[in-house]
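Observations on chain architecture
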Amino acid sequence: MTQAGGAQADPCERGSFRPAFGLIAVDWETFERCPRPSADRLGSLGRTRELPGRPV
């Protein structure tokens, strides 16, 4: 969900505490945010421009 100015809404801002797909995980006890493994994979795709297991 995109808000005014292009900012992405997190699950709390959407009004839901259900799990959401995304690149950042939230620890609901401390509200600390940290990257999920999918963020590393997406970064690797951008850096190498290759799909894992598939040579270009």
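Coordinates for the structure precede this section.
Described in the following lines is the structure provided in the data block.

So, how was this worked out
- Residues numbered from 1 in each chain as written.
- Predicted model: local features only at pLDDT ≥ 70, side-chain atom pairs only at ≥ 80, totals over all residues.
- Heavy atoms only, no water.
- Helix = DSSP H or I, 4+ residues; strand = E, 2+ residues; numbered from the N terminus.
- Buried < 20%, exposed > 50% of the residue type's maximum accessible area, 1.4 Å probe, protein only.
- Contact = heavy atoms within 4.5 Å.
- Areas by Shrake-Rupley, 256 points an atom, 1.4 Å probe, with all protein chains shown as cover.
- Phe/Tyr/Trp six-rings, centres within 6.5 Å; stacked < 30°, edge-to-face > 60°.
- Pairing = 2+ DSSP bridges.

The subject of this paragraph is the overall build of the protein. Within the protein, the secondary structure is distributed over 1 helix and 2 strands. Ordered by position in the sequence, the α and β elements of the protein form the string β-β-α. A total of 56 residues make up the protein; the buried ones form 9% of that total. Across the protein, the fraction of contacts at a sequence separation of at least 24, relative to all contacts at a separation of at least 6, is 0%. Carbon together with sulfur atoms contributes 57% to the accessible area of the protein, which is approximately 5100 Å² in total.

A word on the packing of aromatic side chains. Applying the stated rule across the entire model yields 1 aromatic pair. Summarising the aromatic geometry, the rings of tryptophan 28 and phenylalanine 31 are spaced 6.2 Å apart at their centres and angled 90° between planes, so their arrangement reads as edge-to-face. The exposure class assigned to tryptophan 28 is partly exposed, which follows from its relative accessible area of 36%.

Time to look at the environment of leucine 51. Inspection of the secondary structure puts leucine 51 in the segment after helix H1 (37-48). A relative accessible area of 47% places leucine 51 in the partly exposed class. In this structure, the C-alpha to C-alpha distance between leucine 51 and arginine 41, residues 10 residues apart in sequence, is 9.6 Å.

Next up on the list: the pairing of strand E1 (residues 24-27). Here E1 pairs with strand E2 (residues 32-35) via 4 bridges, running antiparallel. In the sheet register, alanine 25 faces E2, and the bridge partner there is cysteine 34. The turn linking E1 back onto E2 is made up of 4 residues, and phenylalanine 31 within it adopts a positive phi angle of 65°.

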